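# Structural overview
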Amino acid sequence: MRINAERLKQHIEAMSLIGKIGDTGTCRPTMTPLEKEAFELTGSWMKDAGMSVRIDAFGNLIGRLEGTNPELPVLMMGSHLDSQPYGGRFDGVAGVLCAIEVVKSMSENGIKPERPIEVFSFADEEGWRFNKGLFGSRGILGKLEEGELGRTDKDGITREQALRDFGCDPAKFRDSEYKPG
């Protein structure tokens, strides 16, 4: 089985236009309209690959392909779609889009996995907007620190407000924590 390299290239090129800086750079701050645009586009590719799509309470974008044995632990793949203020167009994006391409290629080749597969774009991996990263990945593990929702960005917007503006509900964090099967 081979992936469709041309499709992957097109997806990377399309993503690089969201928050584009110069020829090869990008600026896609976490929990902003730019990241929401990236999530919508990526979510459409996840759906096209046969996955159900959701955004959890932490702001993680998650595509899920069911396996034939739901009792098996989930195989997680992915990375992040947020960027540094002057980030490279492949940073994080390659991990998310390559994972989607794997799932799409499996589907096109009639391969149904035994275990469920989840493709993640973790929220605020880069950490520059609120000066503390790995938010979504720490969140699903129940490893957030006291006061994280009160952190502010350069405009005085708290992480809590940014989450709410993004459509997330911090009161539902516990519901979004990963519970190993």
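This text gives an overview of the structure that appears in the document. If you're wondering where the values come from, they're calculated on a predicted model, not measured in any experiment.

Turning our eyes to something else, we now look at the environment of valine 53. With respect to the helices and strands, the residue valine 53 is situated in strand β3 (residues 52-55). Each C-alpha atom, one on valine 53 and one on glycine 63, is 4.5 Å from the other, the two residues being 10 residues apart in sequence. In this structure valine 53 touches Gly43, Met46, Lys47, Leu61, Ile62 and Gly63, once residues within four positions along its chain are discounted.

A few words now on the pattern of salt bridges. On inspection of all chains with the given rule, the structure shows 15 salt bridges. The partner of lysine 154 in a salt bridge is aspartate 155, and the shortest N-O contact between them spans 3.3 Å. On the basis of relative accessible area, lysine 154 is assigned to the exposed category, the value being 75%. Among the ionic pairs, arginine 164 bridges to glutamate 160, the shortest N-O distance being 3.1 Å. Remark: glutamate 160 and arginine 164 occur in helix α5 (residues 159-165); sequence separation between them is four residues, near one turn of the helix. Judged by relative accessible area, glutamate 160 falls into the partly exposed class, the value being 30%. Each of the salt bridges in this network shares a partner with another, and the network as a whole consists of Asp124, Arg138, Glu148 and Arg159.

We now examine the packing of helix α1 (residues 5-16) against helix α3 (residues 93-108). At a minimum axis distance of 10 Å, the contact between α1 and α3 shows a crossing angle of 145°. Where α1 crosses over α3, the handedness of that crossing is right-handed. Across from Arg7, Leu8, His11, Ile12 and Met15 in α1, the residues of α3 making contact are Val93, Leu97, Cys98, Glu101, Lys104, Ser105 and Glu108. Taken together, the residues of the contact of α1 with α3 sort by class into six nonpolar, two polar and four charged.

Position of serine 121 among the secondary structure elements: in strand β7 (residues 117-121). A polar side-chain atom of serine 121 sits 3.2 Å from the main-chain amide nitrogen of leucine 81.

Turning to the packing of aromatic side chains, a few remarks are in order. Under the criterion given, the structure shown has five aromatic pairs. Taking the centre distance of 5.5 Å and the plane angle of 75° together, the rings of phenylalanine 39 and phenylalanine 166 count as edge-to-face. In this pair, phenylalanine 39 is assigned in helix α2 (residues 33-48) and phenylalanine 166 in the loop between α5 and α6 (173-176), connecting sequence segments 127 residues apart. Residue classification places phenylalanine 166 among the buried positions, given a relative accessible area of 4%. With a centroid separation of 6.1 Å and 65° between ring planes, the pair formed by phenylalanine 135 and phenylalanine 173 is classed as edge-to-face. One end of the pair, phenylalanine 135, is in helix α4 (residues 135-140); the other, phenylalanine 173, is in helix α6, and 38 residues separate them in sequence. One aromatic cluster is present, built from ring pairs that chain together Phe58, Phe135 and Phe173. We note lysine 36 situated over the ring of phenylalanine 166; from NZ or CZ to the ring centre the distance is 4.3 Å.

Rules behind the numbers
Residues numbered from 1 in each chain as written. Predicted model: local features only at pLDDT ≥ 70, side-chain atom pairs only at ≥ 80, totals over all residues. Heavy atoms only, no water. Helix = DSSP H or I, 4+ residues; strand = E, 2+ residues; numbered from the N terminus. Contact = heavy atoms within 4.5 Å. Salt bridge = Lys/Arg side-chain N within 4 Å of Asp/Glu carboxyl O. Buried < 20%, exposed > 50% of the residue type's maximum accessible area, 1.4 Å probe, protein only. Axes fitted to C-alpha atoms, helices over the stretch in contact; angles between N-to-C directions. Left-handed = near helix turned anticlockwise from the far one by under 90°. Nonpolar A, V, L, I, M, F, W, Y, C, P; charged D, E, K, R; others polar. Polar contact = N/O pair within 3.5 Å; in protein donor to acceptor, adjacent residues only side chain to side chain. Phe/Tyr/Trp six-rings, centres within 6.5 Å; stacked < 30°, edge-to-face > 60°. Lys NZ or Arg CZ within 6 Å of the ring centre and 35° of its normal.

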